[in-house]
Amino acid sequence: MHTDHATTHDALEDPRNADILIYINGALKPRAEATVSVYDSGFLLGDGMWEGMRLYDGVWAFFDEHMDRFFDSCKAVSLDVGMDRAGIFEALERTRRANGMVTDVHCRLMLTRGVKVRPFQHPSLSRSGPTLVIIMEHSKPVDRLQGAGIRLATVPQVRGLPMSQDAKYNSHSKLNCVLACLQAEQAGADEALMLDPHGFVNTTNACNFFIVRRGEVWTSTGDYCMNGVTRQKVIDLCRADGIPVFERNYSLFEVAGAEEAFLTGTFGAQTPVASIDGKPVGDGSRPVTARIQALYKQAVAEYVAARG
């Protein structure tokens, strides 16, 4: 039984993170000195894109897929990265080496439109080039979530239509998700289960969402959610291993009858869901989730072995 709020990003405390070096536009700064201007577009407006990645035994897992999403997002909002993906890789490696990091590391790569000459919205006011920040932390997910699972609550905040703010952007502007998270917390849950504009089940405020019904794995169509790298890996692994998997519209009715549910994300991989709106999910045995977790762990190991 939970006694406090959990998140899918709960990590073990690591004292080494107090002294990490953070990459800011080519410079490596101690954590206490790592700052950006209050005139930066990211601070003023949330005008930027980010990517989360994990380091396993010296290898950035699924690097190409993460870079595909990152560069596509930046191009879509006319945000000049200022370097190619080889340049990003070298910046990641430089930061990793400077911190002596090898495994169980989480990276948040952030790019904003840069410092503005005046504190207003128009992109033309950003004239000095983009701001690139890389934060790497020693970060290992807590074990208790795998056993206890996470509690979800359905919230009124929805994922919007693509012409308002397309959820496929991994943008710095996360207010929609923050509001959903607050609503879930106020309902006594750990994270929010968000619907799409038509009332179908979509995603949580932080992760992609899957259910298991009668041996089948279901997730949303992907039209209104972040198309996560881990989400796609799970879909591909299910197909390759003969697990029936469907990207489809479904409602809270089907969720209530699910035998299992889990979340996917770069940090937590696959996190079991214990309850939704106060109703327990299945009997807690989670055989399909465990099978997918094993397949994913094997896929990461094979990826690392091929590139290590």
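The residue count restarts for each chain, going from 1 along the sequence in the order it is written. Only residues with pLDDT of at least 70 get local features here, since the model is predicted, and only at 80 or more are side-chain atom pairs given and counted; chain-wide, interface and lining totals rely on the full set of residues. For side-chain calculations, the full set of non-hydrogen atoms in the structure is used, while hydrogens and water are omitted.

Section: the packing of aromatic side chains
Link 1 in the chain: Centre distance within 6.5 Å is the pairing criterion for rings of Phe, Tyr and Trp, where only the six-membered ring of Trp is used; planes under 30 degrees apart are then read as stacked, over 60 as edge-to-face, and the remainder as tilted. Taken as a whole and assessed by the stated rule, the structure comprises six aromatic pairs.
Link 2 in the chain: Grouped by ring-pair contacts, the aromatic residues F62, Y296 and Y303 constitute a single cluster.
Link 3 in the chain: The ring of Y56 carries R54 above its face, with NZ or CZ at 6.0 Å from the centroid.
Link 4 in the chain: Across the ring face of Y303, the terminal group of R307 is positioned such that the distance to the ring centre comes to 3.7 Å. Think of it as a cone above the ring: NZ of Lys or CZ of Arg counts as a charge over the ring if it is within 6 Å of the ring centre and within 35 degrees of the ring normal.

Details of the environment of D72
Link 1 in the chain: In this structure, D72 sits in helix α2 (residues 63-76).
Link 2 in the chain: Spatially, the C-alpha atoms of D72 and I150 are 32 Å apart, while their sequence positions differ by 78 residues. Starting at the N terminus, helices and strands are each numbered in turn, a helix being any DSSP run of H or I of at least four residues and a strand any DSSP run of E of at least two.

Description of helix α7 (residues 229-241)
Link 1 in the chain: An ideal rise of 1.5 Å per residue puts 18 Å on 13 residues; α7 measures up with 18 Å between its terminal C-alpha atoms.
Link 2 in the chain: Note on classification: 1.4 Å probe, protein chains only; a residue is buried when its accessible area is under 20% of the maximum for its type, exposed when over 50%, partly exposed between these limits. Among the residues making up α7, those that are buried are V229, T230, R231, K233, V234, I235, L237 and C238.
Link 3 in the chain: G242 occupies a position one or two residues after α7 and carries a positive phi of about 80°. Here the expected length of a helix is defined as 1.5 Å per residue gap, with one fewer gap than residues.

Considerations on helix α3 (residues 85-98)
Link 1 in the chain: With 14 residues, α3 ought to run about 20 Å at 1.5 Å a step, and its terminal C-alpha atoms sit 20 Å apart, in line with that.
Link 2 in the chain: Within α3 the residues assigned to the buried category are I88, A91, L92, E93, T95 and R96.
Link 3 in the chain: Looking one or two places after α3, you find G100, whose phi comes out positive at around 60°.

Regarding the nonpolar core
Link 1 in the chain: In terms of nonpolar packing, the biggest core is built from 53 residues, with W60, F70, I88, L92, L109 and V217 touching the most fellow members.
Link 2 in the chain: It is helix α9 (residues 287-307) that provides the largest number of residues to this core, a total of eight residues.
Link 3 in the chain: Contact between two residues is taken to exist if any of their heavy atoms lie within 4.5 Å; hydrogens are not considered. Not counting residues up to four positions away in its chain, the partners in contact with F70 are M49, W50, E51, V81, I88, L109 and L111. Residues grouped as a nonpolar core are buried Ala, Val, Leu, Ile, Met, Phe, Trp, Tyr and Cys residues, joined through side-chain atoms within 4.5 Å.

With respect to the pattern of salt bridges
Link 1 in the chain: The salt bridge definition used is simple: a Lys or Arg side-chain nitrogen within 4 Å of an Asp or Glu carboxyl oxygen. Scanning the model with the defined rule gives 14 salt bridges in all.
Link 2 in the chain: Between R96 and E93 there is a salt bridge whose closest N-O contact spans 2.9 Å. Taken together, the residues R96 and E93, both in helix α3 and three residues apart, mark about one turn of the helix.
Link 3 in the chain: Residue R96 is classed as buried on the basis of its relative accessible area, which comes to 14%.
Link 4 in the chain: Residue E93 is classed as buried on the basis of its relative accessible area, which comes to 10%.

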